[in-house]
Amino acid sequence: MKKLFAIVLALAVMLSLVACGGGASKMTMGTGGTAGTYYAYGGVLGQYIKNHAGIDVVVVSTDGSKANIQSIDAGDYQLGTVQSDVLAYAWEGTRSFESEGKIDSFRVVAGLYAEAVQLITMDPEIKSVADLAGKSVSIGAPGSGVYFNAVDVLGAAGLTEADINAQYQSFADSTDALKNGQIDAAFIVAGPPTPAITELCTTNDAYLVPIDGEIADKLIADCPFYTKHAIPAGTYPGQDADVTTVTVKATLIVDAKASEDDVYNLTKAIFDNASAIAAENGKGTELSIENATTGMAAPFHAGAAKYFAEQGATVNVG
């Protein structure tokens, strides 16, 4: 009877610990579509967080950046992958978040990899952003991330939508329109190499137009979520030299209410295992303390800040 009582007592203690939150932490991570980089990369990150931080991460497919921010705000998710510019719009209550207002229920964990603003053309007359004046240019769907990125770049070059023949097309429609001579150039925002651009450069005499110099400097001064980035030579067929452009960043965010210990441990799990993560997903090669801690318009979680401080990097904490 004593033995039976001891077993029952042990089970009761275990159940009470679980009920009071004594078990392992659990988090749901919003990513993107199942065919996209966010979902695949999120799956890798989730596994390393689970194995090295002891946090059970459930990775789910979503509609992307805005949906992930909204779902963290609603309490449905605790982690999410988002573009750094969309993050800024949420934090400031502007652009794609203007109608619903500021959302500040999240904090930054880290920048993950570059999502380059790529300006692609087959027109030999287009050598700079300024050369887009009077041309037919795809600038993404109205209100999309690509649209706002394109408008920002045009503005830094002293142009507006009225100065071009603006077309509002998806990546696939843009590359088809370029092939068919229906447009002169297109903005595509994604981590290079981007399959749509690779295909275009393989079968056509297409090339990337640099976004650099005074245009890049003004853009970054006006919008600090942009950073400079060099797309290495050989990224695309026929690309013989590095092409300088600007990027936003794929960024990991977390519920502001998450514990400091959990966020410290998950940040450590990612960056202490960067080489192993890179072996599983090519975007892991961009994991670095510098990339992780720059170009953010919202504050970092205290747990992430603690880890980065140990690596010699200071970030804004909110």
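Conventions used here
Residues numbered from 1 in each chain as written. Predicted model: local features only at pLDDT ≥ 70, side-chain atom pairs only at ≥ 80, totals over all residues. Heavy atoms only, no water. Helix = DSSP H or I, 4+ residues; strand = E, 2+ residues; numbered from the N terminus. Buried < 20%, exposed > 50% of the residue type's maximum accessible area, 1.4 Å probe, protein only. Contact = heavy atoms within 4.5 Å. Areas by Shrake-Rupley, 256 points an atom, 1.4 Å probe, with all protein chains shown as cover. Lys, Arg positive; Asp, Glu negative; His and termini not counted. Charge placed at Lys NZ, Arg CZ, Asp CG, Glu CD. pLDDT = per-residue confidence, 0-100. Axes fitted to C-alpha atoms, helices over the stretch in contact; angles between N-to-C directions. Parallel < 35°, antiparallel > 145°, perpendicular 65-115°, else oblique. Left-handed = near helix turned anticlockwise from the far one by under 90°. Nonpolar A, V, L, I, M, F, W, Y, C, P; charged D, E, K, R; others polar.

Asker: Any chance you could explain the overall build of the chain here in plain terms?
Answerer: The helix and strand tally for the chain stands at 12 helices and 10 strands. On the principal axes, the C-alpha backbone points of the chain span a range of 90 × 40 × 35 Å. Taken over 318 residues, the chain has a buried fraction of 50%. The contacts of the chain with a sequence gap of at least 6 include a subset with a gap of at least 24, amounting to 71%. As displayed, the chain offers around 14000 Å² of accessible surface, 52% of which is attributable to carbon and sulfur atoms. Charged side chains in the chain number 18 positive and 36 negative. The centres of these two groups are separated by 12 Å.

Asker: Before we go on, may I ask you to explain the confidence of the model for the chain in this structure?
Answerer: The predicted coordinates should not be examined in detail at positions where pLDDT is low. In the predicted model, the chain carries a mean pLDDT of 90, and the fraction of residues at 70 or more is 92%. Within the model, pLDDT remains below 50 along residues 1-22, and this stretch shows 3 contacts once partners closer than five positions in the same chain are excluded.

Asker: Hey, could you run me through the packing of helix H3 (residues 65-73) against helix H4 (residues 84-92) in this one?
Answerer: Helix-helix packing is characterised by the crossing angle of the two axes and by the distance between the axes. At their nearest, the axes of H3 and H4 sit 9 Å apart, and the two run at 45 degrees to each other. Here H3 lies oblique to H4, going by the angle between them. The two elements H3 and H4 cross, and the hand of that crossing is right-handed. Side by side, H3 and H4 meet where Ser 65, Lys 66 and Ile 69 of the first sit next to Val 86, Leu 87 and Ala 90 of the second. Classifying every residue of the contact of H3 with H4 gives 4 nonpolar, 1 polar and 1 charged.

Asker: I'm lost on the environment of Lys 257 in this one. Help?
Answerer: As for its placement among the helices and strands, Lys 257 is situated in the loop between strand S10 (243-255) and helix H9 (260-271). Accessibility expressed as a relative area gives 70% for Lys 257, which makes it exposed. Between the C-alpha atom of Lys 257 and that of Arg 107, which follows or precedes it by 150 residues, the distance is 9.0 Å.

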